[in-house]
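For reference, the chains in residue letters:
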Amino acid sequence: MHPWLAQRTAGFDSSGIRKMFALGAQMRDPINLSIGQPDFPVPAAVKDEICRNVQADRNGYTATEGILDLRKKLEGLIDTQWGHHPNRRLMVSSGTSGALNLALMALINPGDEVIYFDPYFVMYPALVELAGGVSVQIDTYPDFQIDVEKVRAAITPKTKMIILNSPSNPTGVCCSEEAMRGLALLAQEKNICLVSDEIYSHFHFDSPALSPLKWNPDTLVIDGFSKSYAMTGLRVGFVHGPAEVIDTLAKLQQFTYVCAPAPMQWGAITALDLDMHAEIDRYRQKRDTLVAGLQGYYQLTVPGGAFYAFPKLPDGCSGEEFLERAIAHELLIIPGNIFSRSDSHFRISYAVDDRTLDRGIAALQKIARG
Ligand code: PLP
């Protein structure tokens with residue numbers, strides 16, 4: 001380790017995902033099922049609005065909490081969906097990641113425990129560690145559903161936060177209504193902050209979107225425009241929750257990210273008027289095509305949302321061996337142990353055009369046949 005580097009950078013490793021990107025860059029025409037972003041472009045109306053604002057010189061700092069029009073519009077939508085709560089405040093953040101980082105920084109003292117579910121989004125262990133917290137991972141194999149009694153048993157006097165991500169990256173599984181209600185009420189009973197990462201909130205295929213906010217008004221909800229409107233590079237997210245917590249996140253944002261990019265916030269206002277149902281339906285169809293294509297070849301919990309599937313590796317095959325076989329077929333997937341303590345599954349992103357998806361399914365079938 002370079003002598004300049006701080007100790008806090010040593011504990012986590014991003015080499016797995018970087019290796020995938022490097023491999024992809026070397027291949028001529030890879031079947032790339034490893035990418036976690038939509039394949040559709042930013043909607044034209046959003047692009048136009050961003051360009052218009054750049055040209056109109058609206059490129060300066062905005063209020064730390066975000067442009068008032070955007071906040072008002074988001075607050076209106078949240079009130080309509082989940083009911084008004086007088087103590088709820090909202091802040092626009094620099095992507096969902098920005099809000100997640102600020103939430104950990106604002107709420108976690110060194111040694112505090114943070115519960116989240118294995119398999120997990122790769123950022124969670126890293127952010128907990130950067131905040132000086134301790135990760136407590138709860139196993140959700142084999143069906144990736146949350147057992148609220150397991151969570152109750154994992155709670156200690158040091159438990160400060162529970163992070164829920166539904167629909168989930170990497171499994172695509174949606175938390176059942178019963179488990180979500182149980183988790184929401186448990187967090188309330190124990191006075192623990194429940195962070196609900198709802199970045200895939202638009203991508204529910206079989207049931208309406210659900211949030212623990214329905215049962216626990218103190219839930220800290222984090223969402224954003226990256227996936228719903230394909231705005232991953234434009235860095236606009238938002239976080240809402242108890243007023244005093246949001247005020248503290250805003251204080252930290254002022255001294256770190258400052259604000260989300262101004263023209264992108266104007267674009268986000270336009271995005272909120274758009275109907276994305278056609279894109280979501282397209283993703284439902286892709287999910288169905290993938291599930292049908294893998295049937296009989298891989299064990300798979302049918303994903304109800306996001307744009308991922310998390311099949312089981314063939315018997316006796318490690319993630320690394322499977323990746324080698326995949327690469328031999330020009331296929332890029334991500335081994336499950338990047339998202340988990342278990343090396344038993346792999347992640348497919350089906351956010352790709354239909355030709356790539358068909359090629360991917362054919363390659364996966366060939367690999368399974370051996
Ligand atoms: N949370 C989850 C579960 C994600 O999968 C991602 C991105 O892949 C993020 C947060 C970060 O999203 P953003 O681009 O808004 O920072």
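Just so you know, these numbers come straight off a predicted model, no measurement behind them. Within every chain, residues take consecutive numbers counted from 1 along the sequence as written. Selection of residues for local features in this predicted model requires a pLDDT of at least 70, selection of side-chain atom pairs for listing and counting requires 80 or more, and totals for whole chains, interfaces and linings are taken over all residues. Working from all heavy atoms in the structure, the side-chain values ignore hydrogens and water.

## Concerning the sheet that holds strand β4 (residues 134-139)
Point 1. Two strands qualify as a pair provided that DSSP identifies no fewer than 2 bridges between them. Numbering of helices and strands runs from the N terminus, with a helix taken as a DSSP run of H or I at least four residues long and a strand as a DSSP run of E at least two residues long. Read from one edge to the other, the open sheet built from 7 strands follows the order β2-β8-β7-β6-β5-β3-β4, with strand pairing classed as mixed. Strands at the two margins of the open sheet, each flanked by one partner only, are β2 (88-93) and β4. The mean angle between the axes of side-by-side strands here comes to 20°, regardless of whether they run parallel or antiparallel. Simply put, an axis is a line fit to the C-alpha atoms, just over the touching stretch for a helix, and the angle between two N-to-C directions goes from 0 to 180 degrees.

## Observations regarding the pairing of strand β5 (residues 159-165)
Point 1. A simple rule labels every residue: compare its accessible area, found with a 1.4 Å probe on the protein chains alone, to the largest value its type can have, and call it buried under 20%, exposed over 50%, or partly exposed in between. By the criterion of burial, β5 is predominantly enclosed, with 6 of the 7 residues buried.
Point 2. Note that strand β3 (residues 113-118) and β5 share 3 bridges and pair parallel. When the sheet's bridge partners are listed, isoleucine 115 is paired in β5 with isoleucine 162.
Point 3. In this fold, the crossover linking β5 to strand β6 (residues 193-197) by way of helix α7 (residues 177-190) has right-handed handedness. Assignment of crossover handedness uses the view with strands pointing away from the viewer, where a clockwise path from the first strand over the helix to the second indicates a right-handed crossover.

## Thoughts on the site of the ligand
Point 1. In the vicinity of the ligand, the residues found are Gly95, Thr96, Ser97, Phe121, Asn165, Asn169, Asp197, Ile199, Tyr200, Ser226, Lys227 and Arg235.
Point 2. A 3.5 Å cut-off defines polar contacts: any pair of N or O atoms within that distance qualifies, except that in protein one atom must be a possible hydrogen donor and the other a possible acceptor, and neighbouring residues in sequence count only when both atoms are side-chain atoms. Contacts to the ligand include tyrosine 200, whose side-chain N or O atom sits 2.7 Å from an oxygen atom.
Point 3. In this description, accessible areas are obtained by the Shrake-Rupley approach with a 1.4 Å probe, and a residue is regarded as covered only by the protein chains that are shown. For the ligand, whose unbound accessible area comes to 400 Å², protein coverage reaches 91%.
Point 4. With 3 residues, helix α4 (residues 95-107) is the largest single contributor of residues to the shell around the ligand.
Point 5. Of the residues that constitute the shell around the ligand, the class distribution is 3 nonpolar, 6 polar and 3 charged. One heavy atom suffices: a residue is near a molecule or strand as soon as one of its heavy atoms comes within 4 Å of it. Just so you know the grouping, Ala, Val, Leu, Ile, Met, Phe, Trp, Tyr, Cys and Pro go in nonpolar, Asp, Glu, Lys and Arg go in charged, and all remaining residues, Gly too, go in polar.

## Examining the pattern of salt bridges
Point 1. Each reported salt bridge corresponds to a side-chain nitrogen of Lys or Arg within 4 Å of a carboxyl oxygen of Asp or Glu. Taken as a whole, this structure holds 17 salt bridges when the rule is applied.
Point 2. Each of Asp29, Arg355 and Arg359 takes part in a single network of salt bridges with overlapping partners.

## Topic: the pairing of β6
Point 1. Across the 5 residues that make up β6, a large majority, 5, are buried.
Point 2. Residue alternation in β6 divides its side chains into two sets, Cys193, Val195 and Asp197 and Leu194 and Ser196, and both sets are buried.
Point 3. In this sheet, strand β7 (residues 220-224) lies alongside β6 in parallel orientation, the contact comprising 3 bridges. Bridging from a neighbouring strand, aspartate 197 pairs with isoleucine 222 of β7.

Remember, this is a structural readout, not a statement about activity or role.
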